Amino acid sequence: MAYEGILVGMGNPLLDISAVVDEEFLAKYGIKLNDAILAEEKHVPMYDEMSSKYSVDYIAGGATQNSIRVAQWMLQIPGATSYIGSIGKDKYGEEMKKNAKEAGVNVHYYEDESPTGTCAVCVVGGERSLVANLSAANCYKSDHLKKPENWALVEKAKYFYIAGFFLTVSPESIMLVAEHAAANNKVFMMNLSAPFICEFFKDVQEKALPYMDFVFGNETEARTFSKVHGWKTENVEEIALKISQWPKASGTHKRITVITQGADPVVVAEDGKVKLFPVIPLPKEKLVDTNGAGDAFVGGFLSQLVQEKPIEDCVKAGCYASNVIIQRSGCTYPEKPDFK
């Protein structure tokens, strides 16, 4: 089977500015652990404060880009994956290009006049809080996607993955890809990504949902989704089932919902049934940070899905990849995977 360009991701390429901070810092900027938000006026000074006060790592990030890089790493097949998003014409943008190239991902960035987007990753006790300043990432337009050299990536691919975060930037680009996938029996996948997406971008999320063949998310996002839709249940298994039974735009693929729950089992809902898959246990002292854990899970999962492996193999690969990533700072990995 030819794997070249089989998987395309589209999202917000961000440079992670990661540091271990303290509770005081979180309180000062009004941020909570295990959450992801967009930066407001009050958050602007935190980026400088982090780099002056704490020891900071700069790591290429952005949820979708992380997942695509991890899938590429797991596959070890040059050019299997492609990625589309918007960066600035600056040193962070150059860094991003270099990083993607080293990862073996075929990137087609739109280059904007505004600075490359950044994401503050505030780590306390191994848990992370994300504050994204989208900047250039917010400037992506569907005109770039429609250019023949970029749309060719979409034509070639069989699988598409887009984090929910991109719903705030270019819902029209998402719908172009979603409709293409449905019309050509391809596989379209998204992530709930953050509670604020489920709450404040409910309409665009609902518009894309019928096209989703796979929905990924974590337990907090699933519960927020349930609350927003008035389902009156906190039970993650029940919520996963309800999401999987949401009406579909095309009958080719049945929807599968995959919800991670940190150290608790992964919930997979398909065909009106729920299965639980345990994750690989990790002693607390080996946990560096959870930044990129969910992205890595999706990346590992996709690396097997594009090879048409059964769902339990996909989950196993997802658990392997996230186990590797939480033992390192940010979404980074060793040279080669040793996934069996």
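Residues numbered from 1 in each chain as written. Predicted model: local features only at pLDDT ≥ 70, side-chain atom pairs only at ≥ 80, totals over all residues. Heavy atoms only, no water.

## As for the overall build of the protein
In plain terms, the rule: Only DSSP runs of H or I reaching four residues or more are called helices, and only runs of E reaching two or more are called strands; each is numbered from the N terminus. Both definitions apply: the radius of gyration is a C-alpha atom measure, and the globule rule equals 2.2 Å times residues to the power 0.38. Two residues form a contact once any of their heavy atoms are found within 4.5 Å. The method behind every accessible area is Shrake-Rupley, applied with a 1.4 Å probe, and residues are considered shielded solely by the protein chains displayed. Charge convention: Lys and Arg are scored as positive, Asp and Glu as negative, and His as well as the terminal groups of each chain are ignored. For this purpose, a charge sits on NZ of Lys, CZ of Arg, CG of Asp or CD of Glu.
Assigned secondary structure in the protein consists of 13 helices and 14 strands. Here the C-alpha atoms of the protein give a radius of gyration of 18 Å, agreeing with the 20 Å that 2.2 N^0.38 yields for 340 residues. When contacts within the protein are restricted to residue pairs at least 6 apart in sequence, those whose partners lie at least 24 apart make up 73%. By element, 52% of the accessible surface of the protein is carried by carbon and sulfur atoms, the whole surface being about 14300 Å². Taking the average place of the 35 positive charges on the side chains of the protein and the average place of its 44 negative ones, the gap between the two points comes to 4 Å.

## Considering the UniProt feature "domain: Carbohydrate kinase PfkB" (unreviewed entry) in the protein
For the record, the criterion: UniProt positions are given in the numbering used here, feature names are shortened, and annotations may be inferred rather than shown by experiment.
Feature annotation in UniProt assigns "domain: Carbohydrate kinase PfkB" (unreviewed entry) to the following positions: residues 25-334. The straight-line gap between the two end C-alpha atoms of residues 25-334 is 31 Å; of that span, 40% is helix and 23% is strand.

## Some remarks on the pairing of strand S11 (residues 214-218)
Heads up, the rule is: Note on classification: 1.4 Å probe, protein chains only; a residue is buried when its accessible area is under 20% of the maximum for its type, exposed when over 50%, partly exposed between these limits. Here the rule is simple: two strands pair whenever DSSP picks up at least two bridges between them.
Burial within S11 is extensive, with five of its five residues counted as buried. Burial along S11 is two-sided: Phe214, Phe216 and Asn218 and Val215 and Gly217, pointing in opposite directions, are all buried. As paired elements, strand S10 (residues 187-191) and S11 share three bridges and run parallel to each other. From the neighbouring strand, Met189 faces S11, where its bridge partner is Phe214. Of the pairings in the sheet, the one linking S11 to strand S12 (residues 256-261) comprises five bridges and is parallel in character.

## Quick word on helix H13 (residues 311-325)
Rules: One less than the number of residues in a helix, times 1.5 Å, gives the span that helix is expected to have.
Compared with the 21 Å implied by 1.5 Å per residue over 15 residues, the 21 Å span of H13 between its first and last C-alpha is a close match. The element H13 is extensively covered by neighbouring structure, given that twelve of its 15 residues are classed as buried. Taken as a whole, H13 has its buried residues at Ile311, Cys314, Val315, Ala317, Gly318, Cys319, Tyr320, Ala321, Ser322, Asn323, Val324 and Ile325. Taken together, the buried residues of H13 touch helix H3 (63-75), S11, S12, strand S13 (264-270), strand S14 (273-277) and helix H12 (293-305).

## Things to note about the packing of aromatic side chains
Under the convention used in this document: Only rings of Phe, Tyr and Trp enter the pairing, Trp through its six-membered ring, and a pair is recorded when the two centres are within 6.5 Å. The plane angle decides the type: under 30 degrees is stacked, over 60 is edge-to-face, the rest tilted.
Evaluation of the coordinates by the stated rule reveals 18 aromatic pairs. For the ring pair Phe165 and Phe196, a centre distance of 6.3 Å and an interplane angle of 35 degrees mean the geometry is tilted. Highlighted residues: Phe165 in the loop between strand S9 (159-163) and helix H7 (171-183) and Phe196 in helix H8 (residues 195-200), separated in sequence by 31 residues. By relative accessible area, which is 11% here, Phe196 ends up buried. When the centroid spacing of 5.9 Å and the interplanar angle of 65 degrees are considered together, the rings of Phe225 and Trp246 count as edge-to-face. Here Phe225, found in helix H10 (residues 219-228), pairs with Trp246, found in the loop between helix H11 (236-244) and S12; they are 21 residues apart in sequence, far enough to count as distant.

## A word on the nonpolar core
For clarity, the cut-off: The criterion is simple. A nonpolar core is a set of buried Ala, Val, Leu, Ile, Met, Phe, Trp, Tyr and Cys residues joined through side-chain atoms within 4.5 Å.
Among the nonpolar cores identified, the biggest contains 51 residues, and Leu145, Phe160, Ile174, Phe188, Met190 and Phe225 are the most heavily contacted of them. Counting residues per element, this core draws most heavily on H7, at five residues. Residues contacting Ile174, with those up to four places away along its chain left out, are Met10, Ile162, Phe166, Leu167, Phe188, Met190 and Ala208.

## Overview of the sheet that holds strand S3 (residues 35-38)
Strand pairing in a sheet relies on backbone hydrogen bonds. The paired strands run either parallel or antiparallel. Note the cut-off: Angles run from 0 to 180 degrees between N-to-C directions of axes, and those axes are lines fitted to C-alpha atoms, restricted for helices to the stretch in contact.
Spatially, five strands are ordered S3-S8-S7-S2-S4 in an open sheet, and the strand pairing comes out mixed. Only two strands of the sheet have a single partner each, and these edge strands are S3 and strand S4 (56-61). When strand polarity is set aside, the average angle formed by the axes of neighbouring strands in this sheet is 20 degrees. Note that S3 and strand S8 (residues 127-133) share four bridges and pair parallel. Paired with Leu38 across the strands is Ala132, a residue of S8. Packing of helix H2 (residues 46-53) onto the sheet brings it into contact with strand S2 (14-20), S4, strand S7 (118-124) and S8, and relative to S7 it is tilted by some 55 degrees.

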